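# Report on the structure
Each chain is listed here by its residues.
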Amino acid sequence: MLVKTYGSAIQGIDAIIITIEVNISKGSKFFLVGLPDNAVKESHHRLVAVINNIGYKYPGRRIVINMAPANIKKEGSSYDLPIAIAILAASKQIKDILLTNYIMMGELSLDGSIRAVNGALSMALKAKEDGFKGIIVPLENANEASVVDGIDVYGFKHITEVIDLLNGKSNAKVTISQAENLLEKNTSYPFNIEDVKGQKNIKRALEIAAAGGHNIIMIGPPGSGKTMLAKRIPSILPPLTLDEALETTKIHSVAGILPRGNAIVSARPYRSPHHTISDAGLVGGGTYPKPGEISLAQNGVLFLDELPEFKRTVLEVMRQPMEDRLVTISRARVTVDYPASFMLVAAMNPCPCGYYNHPEKDCVCSPGNVQNYLNRISGPLMDRIDLHVEVTPVAFDDLSTKSSGESSNKIRPRVIIARNIQKERFEKAGNIYCNSQMSSKDIANYCMLNSNGKTLLKLAMEKLNLSARAYDRIIKVSRTIADLGASKDIKNDHLAEAIQYRSLDRDNWGS
Ligand SMILES: Nc1ncnc2c1ncn2[C@@H]1O[C@H](COP(=O)(O)OP(=O)(O)OP(=O)(O)O)[C@@H](O)[C@H]1O
Ligand SMILES: [Mg+2]
Ligand SMILES: [Zn+2]
């Protein structure tokens, strides 16, 4: 007898439906066709054990399993559940009438218990899109999948629960989504910007960066608080919208880093990969492509601490995705896209010893060493970083007396207002949401300078010997500063402040 069940495979961050056909006939061999990988092939032995262990009979006949479409590689052990169910139905040990209603996925332990899978949210979205009545997933994935409304989500711990449902003997309840609740509740971040004493000017720069979605680099000696400040940036960004939360959740789920049992990623991600990270680790890739850190940071912050310690090649592969807000991974068989829209925050020392230009300590580096150090970072990468700030340490003795300044909860509403102004501005432009994303054409459209401003900028460019590429950066940042001040026009003081944030633009960087 021929029976069909439905599972899913992930391509990029979206699911596609995999049909599992099982045919049982006379004979004795087992065939699995349709581009399964080794883990799927090995499922045979597991399934024999599971089916016997739960009190059913593994059919000792010729079993042919076909997984379609054949051109998609089926990876992992999460097809155990739909294959086992199909075998049981094809051998008439369970009813097959409800099988067309559900997509199901789950890895089975030998005793029949079901283990969690990756990508359950994408699977639920696909089930809805294709008109399935519901999905059957491991219990640990049920909260995540239940975010999608309009389909029945069943979370089960054991295969016998699935069998009961299909046999019409179950009183299992569908999982109800908690997503919107979670999103509303989760406005608390573990760190607050008021933990950082003093550093008023740096906090101002961070506020501007957050308001315009600008990339920022902090340069300063060891212990000046760069890492501390970076960790607090998510706390001043606007809360995630439901759409953003779903998008980030999909990526984390596909990558297998969504904490089990969690419904959605409700706080902006903060990713800080170590400088020894590989190309694939940063931008994504691998034999079975997986999203990299730039995608895991989607809608949040990617912090690259000790920037010059990263391999040049690793930083270079990040450039194109930063431009496109998307990374494309090509493999022999497939090309997948992962979203990569994040705010880059970088930190570095000014020189190898760290004390170049330090108010108290002496730098022991030769000019050549300093230059080599800066050369590790390419000009084109620096070009994608709108704000450069020099962080000077708060003297130890002053730490107790310096003021904490405003809390994150005070700063964040200003950021939100500025973001809303930008949303309105770019409503018609399509596909851009904040000032940092403006192209040269957008800048011409939205950032008119009066003749006074033009003169000021020209003068500054000459006097500070700024590179041509600094020009657009300054205008974008000044647009954000104007938005923070609710000013329709970019005024001279907005420009003047923006110019300050190019103080490091000395054409020292590598090519
Ligand atoms: N302004 C500050 N307010 C409160 N604590 C501070 C401040 N600056 C530094 N510290 C303290 O110093 C520690 C070191 O700061 P942090 O690690 O952020 O420095 P860093 O600039 O990242 O240094 P490195 O270059 O060595 O990575 C912090 O954990 C914090 O305890
Ligand atoms: Mg640090
Ligand atoms: Zn030095």
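Residues numbered from 1 in each chain as written. Chains lettered and ligands numbered in written order. Predicted model: local features only at pLDDT ≥ 70, side-chain atom pairs only at ≥ 80, totals over all residues.

### Concerning the site of ligand 1
P222, G225, K226, T227 and M228 are the nearest of the 15 residues found near ligand 1. For the shell around ligand 1, the residue count by class is five nonpolar, eight polar and two charged. (Near = placed C-beta within 6 Å. Nonpolar A, V, L, I, M, F, W, Y, C, P; charged D, E, K, R; others polar.)

### Overview of helix α6 (residues 159-166)
When we look at burial in α6, the residues that qualify are I159, V162, I163, L165 and L166. The buried residues of α6 occupy an angular sector of 160 degrees when projected down its axis, which confines them to one face. Two residues or fewer past α6, G168 is found with a positive phi of approximately 75 degrees. (Buried ≥ 20, exposed ≤ 12 C-beta atoms within 10 Å, placed from the backbone. Helix = DSSP H or I, 4+ residues; strand = E, 2+ residues; numbered from the N terminus. Arc of directions from axis to C-beta.)

### Remarks on the domain arrangement of the chain
Structurally, the chain comprises domain 1 (2-177) and domain 2 (189-500). Computed over C-alpha atoms only, the centres of domain 1 and domain 2 are separated by 43 Å. Counting from both sides, the interface comprises 17 residues of domain 1 and, opposite them, 19 residues of domain 2. Of all the secondary structure elements, the ones that give two or more residues to the side of domain 1 that touches domain 2 are β1 (2-11), α4 (120-129) and α5 (139-145). Looking at side-chain class alone, the side of domain 1 that touches domain 2 contains six nonpolar, seven polar and four charged residues. (Domains from an automatic or database assignment. Contact = placed C-beta atoms within 7 Å.)

### Notes on the pairing of strand β2 (residues 14-25)
Relative to β2, β1 runs antiparallel, the two being bridged by ten bridges. Note that in β2 the partner of Q11 across the bridge is D14. For β2 and strand β4 (residues 62-68), the ladder comprises seven bridges, and the chain directions are antiparallel. Bridged to I24 within β4 is I63. (Pairing = 2+ DSSP bridges.)

### Details of the packing of helix α8 (residues 200-212) against helix α20 (residues 470-484)
Between α8 and α20, the least distance of the axes is 9 Å, while the angle of their chain directions is 95 degrees. Between α8 and α20, the angle falls in the class roughly perpendicular. Contacts between α8 and α20 involve I208, A211 and G212 from the former and K476, V477, T480, I481, D483 and L484 from the latter. In terms of residue class, the contact of α8 with α20 is made up of five nonpolar, two polar and two charged. (Axes fitted to C-alpha atoms, helices over the stretch in contact; angles between N-to-C directions. Parallel < 35°, antiparallel > 145°, perpendicular 65-115°, else oblique.)

### Thoughts on the nonpolar core
A general tendency of soluble globular proteins is for nonpolar side chains to be buried together. Core analysis: the biggest nonpolar cluster contains 142 residues, and A84, I87, A124, I135, A145, V162 and I216 have the highest contact counts within it. Both domains that furnish three or more residues to this core are identified here as domain 1 (2-177) and domain 2 (189-500). Excluding its chain neighbours within four sequence positions, the residues that come into contact with V162 are L81, I85, M104, I136 and F156. (Core = buried A, V, L, I, M, F, W, Y, C linked by C-beta atoms within 7 Å.)

### Focus: the packing of helix α17 (residues 408-425) against α20
The contact between α17 and α20 brings their axes to 9 Å, and the two run at 115 degrees. Where α17 crosses over α20, the handedness of that crossing is right-handed. Two secondary-structure elements touch here, α17 through R414, A418, I421 and Q422 and α20 through T480, D483 and L484. Considering only residue class, the contact of α17 with α20 consists of three nonpolar, two polar and two charged. (Left-handed = near helix turned anticlockwise from the far one by under 90°.)

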